[in-house]
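Residue-level structural notes
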Amino acid sequence: MRPRPVRAWLLWLFSAPLILAALSALVAGRLDGFIGDASAWGLVALAALLTRRASLLPAAQAEQRRFSQPGRRWQFPLRNLAAASLAAGTCVAAVYGVGHLLGVGLGFAAVAVLAYHLLYGLEPLRVGTPLTAQDKESRAVIEALAEAEDRLITIERAAGAIGNRELSQRLARIAELGRGILAQIAERPSDLRRARRFLTVFLEGAEQVSDGYARTHRHVDSVELEQNFRTVLLTIEEQFQRQRERLREADVLDLDVQIEVLKKQLDQEGIR
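Residues numbered from 1 in each chain as written. Predicted model: local features only at pLDDT ≥ 70, side-chain atom pairs only at ≥ 80, totals over all residues. Heavy atoms only, no water.

**Here's the deal with the overall build of the chain**
Stated precisely, the cut-off is as follows: Each helix corresponds to a stretch of at least 4 residues labelled H or I by DSSP, and each strand to a stretch of at least 2 residues labelled E; elements are numbered beginning at the N terminus. Working definition: with a 1.4 Å probe on protein chains only, accessible area under 20% of the residue-type maximum means buried, over 50% means exposed, and in between means partly exposed. When checking whether two residues touch, look at their non-hydrogen atoms; a contact exists if any pair is within 4.5 Å. Areas reported here follow the Shrake-Rupley algorithm with a probe of radius 1.4 Å; residue values treat only the protein chains shown as occluding.
Assigned secondary structure in the chain consists of eight helices and two strands. Listed N to C, the secondary structure of the chain is α-α-β-α-α-β-α-α-α-α in terms of helices and strands. For the chain, the residues scored as buried account for 38% of the 272 residues in total. Nonlocal contacts in the chain, meaning residues at least 24 apart in sequence, comprise 78% of its contacts between residues at least 6 apart. Per element, the accessible surface of the chain, about 16,400 Å² overall, is 59% carbon and sulfur.

Right under this line is the structure:
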């Protein structure tokens, strides 16, 4: 899911009355009310901090992993943690701060989570394409996709670590093209045979070059090194584009074959 625009200040605004309520309870000598309102404010404030932090995560930490072995993995993103903290704070404020019953507090908590989702967006708890390894060939496809995706994530991390905007954008485009190729293979695993050389030669080379440059470019201020890296990226991007076109052409070819087979079948059945 694409992150929504961050409006963490809305959560701070929502928490402001809790501070006033806590101070009022303290002045009035209601210790239980003070503890309830103060705890509620802390939980809502935590939700605001988590939401803000989620928006500041670098691209390398916000990477999307579609393929993993055995297929899917669990996660609990910061935005979901923030929503849980907001729900707990809302419930505590309703029950201990205002004095509502627990059921009413849970109702307010559910409304708070819904509002958070509309404003910021919750993320799925499971990520990855649910590929099933029913036979040896299927397992080979899953392993190849997972390994290739690891290489693409390394390239995406390198793109985030390089200060040069042009080179960073080129790496990002290469990673995007690579993810498109993996998506095509996932939709039609038979393409893996045609893309095997690409995955083992070009993708591995792109990973090694980008990771190596990201680790060394800050220590070696060389115009020649930068130009060589730029030239290599141009070649890699061109190869990635060619590979995508080859797979698309294969799709068109297969469709043409299916149409011809259907035509022959219709002719044999006397259907025109």
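There's more to say after this.
**Notes on the UniProt feature "transmembrane region" (unreviewed entry) in the chain**
Defined as follows: UniProt positions are given in the numbering used here, feature names are shortened, and annotations may be inferred rather than shown by experiment.
The residues that UniProt annotates with the feature "transmembrane region" (unreviewed entry) are residues 38-55, 76-96 and 102-122. Segment residues 38-55 splits into 100% helix and 0% strand. End C-alpha atoms: 26 Å apart.

**With respect to the side chain of threonine 90**
By secondary structure assignment, the location of threonine 90 is in helix H3 (residues 78-98). Excluding residues within four positions of it along the chain, threonine 90 makes contact with Phe14, Phe108, Ala109 and Ala112.

**Describing the environment of leucine 86**
Of note, leucine 86 is situated in helix H3. We classify leucine 86 as buried; its relative accessible area is 5%. It is 7.6 Å that separates the C-alpha atoms of leucine 86 and alanine 109, two residues lying 23 residues apart in sequence. Ignoring anything within four residues of it in the chain, the contact list for leucine 86 reads Leu11, Phe14, Leu43, Val44, Ala47, Ala112 and Tyr116.

**Quick look at helix H4 (residues 102-119)**
Condition: The span you would expect from a helix comes to 1.5 Å times its residue count less one.
The terminal C-alpha atoms of H4 lie 26 Å apart, and with 18 residues this matches the ideal 26 Å at 1.5 Å per residue to within 8%. Where H4 ends, the next residue or the one after it, glycine 121, has phi of about 90°, a positive value.

**Considerations on the nonpolar core**
Nonpolar side chains in soluble globular proteins tend to be buried together. Note the threshold: We call a set of buried residues a nonpolar core when its members are Ala, Val, Leu, Ile, Met, Phe, Trp, Tyr or Cys and they connect through side-chain atoms within 4.5 Å of each other.
Residues Leu171, Leu199 and Phe240 are the most contacted members of the largest nonpolar core, which totals 31 residues. Contributions of two or more residues to this core are made by helix H5 (136-161), helix H6 (165-187), helix H7 (191-216) and helix H8 (223-268). Those residues in contact with phenylalanine 240, other than ones at most four positions away along the chain, are Ile174, Leu177, Gly178, Ile181, Phe198, Phe202, Leu203 and Ala206. Counting residues in each nonpolar core, the second largest holds 15 residues, with Leu18, Ala40, Ala47 and Leu50 among its members.

**Structural notes on the pattern of salt bridges**
To keep it simple, the criterion reads: Here, a salt bridge means any side-chain nitrogen of Lys or Arg that lies within 4 Å of a carboxyl oxygen of Asp or Glu.
Summed over all chains, the structure comprises 11 salt bridges. Two residues, arginine 179 and glutamate 149, come together in a salt bridge whose shortest N-O distance is 3.2 Å. With arginine 179 in helix H6 and glutamate 149 in helix H5, this pair connects stretches of sequence that are 30 residues apart. With respect to class, arginine 179 is no different from glutamate 149; both count as buried. A salt bridge links glutamate 207 to arginine 151; the nearest nitrogen and oxygen atoms lie 2.4 Å apart. Of this pair, glutamate 207 sits in helix H7 while arginine 151 is found in helix H5, placing the two residues 56 residues apart along the sequence. As far as the burial class goes, glutamate 207 and arginine 151 line up, both buried. Overlapping salt bridges bring together Glu166, Arg170, Arg173, Glu226, Arg230 and Glu237 as one network.

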